[in-house]
Amino acid sequence: MLELMQMASEIILPKIGFSMTEGEIAEWLVLDGQTVNAGEPLFLLEADKSATEVEAPASGTLRILRQPGETCPVGTVIGLIE
């Protein structure tokens, strides 16, 4: 019998402005290891002097890879949803 393996969904630091090249994770709104639902607010992103709520791209268990206060380039994998 074959078991289906579920792939983790990557949480990518999004580009929210035309000239944005990096952003800072201001705060995770869900704790590491907690269950999250797709579309639920996941973290606050600070960029260009504004904060934006970013939603979860999938449902599952959150695994945080980057911590609040870290500045990352756009496209960086900052967490996983397993």
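Above this text sits the structure in question.
This section reports on the structure supplied with the text.

We now examine the sheet that holds strand β5 (residues 50–55). Here we have four strands laid out as an open sheet, ordered β5-β4-β2-β7, and antiparallel in their pairing. Two strands in the sheet have a free side with no partner beyond their single neighbour: β5 and β7 (71–73). Strand-to-strand, the axes of this sheet are offset by a mean angle of 40°, without reference to chain direction. Sheet topology note: the strand β2 (residues 22–28)/β7 ladder contains three bridges and is antiparallel. From the neighbouring strand, Glu24 faces β7, where its bridge partner is Thr71.

Positionally, Thr76 belongs in the loop between β7 and β8 (77–81). One polar contact links the side chain of Thr76 to the main-chain carbonyl oxygen of Pro73, over a distance of 2.7 Å. Beyond its immediate sequence surroundings of up to four residues, Thr76 is in contact with Ile11, Ile12, Leu13 and Arg66.

Across all of its chains, the model carries one aromatic pair by this definition. Each ring, one from Trp28 and one from Phe43, has its centre 5.2 Å from the other, and the planes form 50°; the classification is tilted. With a gap of 15 residues between them, Trp28 in strand β2 and Phe43 in strand β4 (residues 41–47) connect regions that are remote in the sequence. Phe43 carries the same exposure label as Trp28, and that label is buried.

Glancing now at the sheet that holds strand β6 (residues 60–64). In space, the four strands of this open sheet follow the order β1-β8-β6-β3, with antiparallel pairing throughout. Taken across any chain shown, the strands that pair with only one partner, and hence form the sheet edges, are β1 (9–12) and β3 (35–36). Across three bridges, β6 lies against β8 in antiparallel orientation. Looking at the pairing, Arg63 lines up with Leu80 of β8.

Before going further, it helps to examine the pairing of β8. Here four bridges tie β1 to β8, and the two strands are oriented antiparallel to one another. Each residue of the ladder has a partner; that of Glu10, found in β8, is Leu80.

With the rule as written, the count across this model stands at two salt bridges. Of the charged contacts in the structure, one is a salt bridge between Arg63 and Glu82, with a shortest N-O distance of 3.0 Å. Here the residue Arg63 occupies a position in strand β6, and Glu82 occupies one in the segment after β8, the gap between them amounting to 19 residues. Classification of Arg63 as partly exposed rests on a relative accessible area of 32%. What makes Glu82 partly exposed here is its relative accessible area of 40%. For Glu70, the salt bridge is made with Arg66, and the minimal N-O distance between the two is 3.4 Å. Note on Glu70: relative accessible area 27%, which makes it partly exposed.

Rules and cut-offs
Residues numbered from 1 in each chain as written. Predicted model: local features only at pLDDT ≥ 70, side-chain atom pairs only at ≥ 80, totals over all residues. Heavy atoms only, no water. Pairing = 2+ DSSP bridges. Helix = DSSP H or I, 4+ residues; strand = E, 2+ residues; numbered from the N terminus. Axes fitted to C-alpha atoms, helices over the stretch in contact; angles between N-to-C directions. Polar contact = N/O pair within 3.5 Å; in protein donor to acceptor, adjacent residues only side chain to side chain. Contact = heavy atoms within 4.5 Å. Phe/Tyr/Trp six-rings, centres within 6.5 Å; stacked < 30°, edge-to-face > 60°. Buried < 20%, exposed > 50% of the residue type's maximum accessible area, 1.4 Å probe, protein only. Salt bridge = Lys/Arg side-chain N within 4 Å of Asp/Glu carboxyl O.

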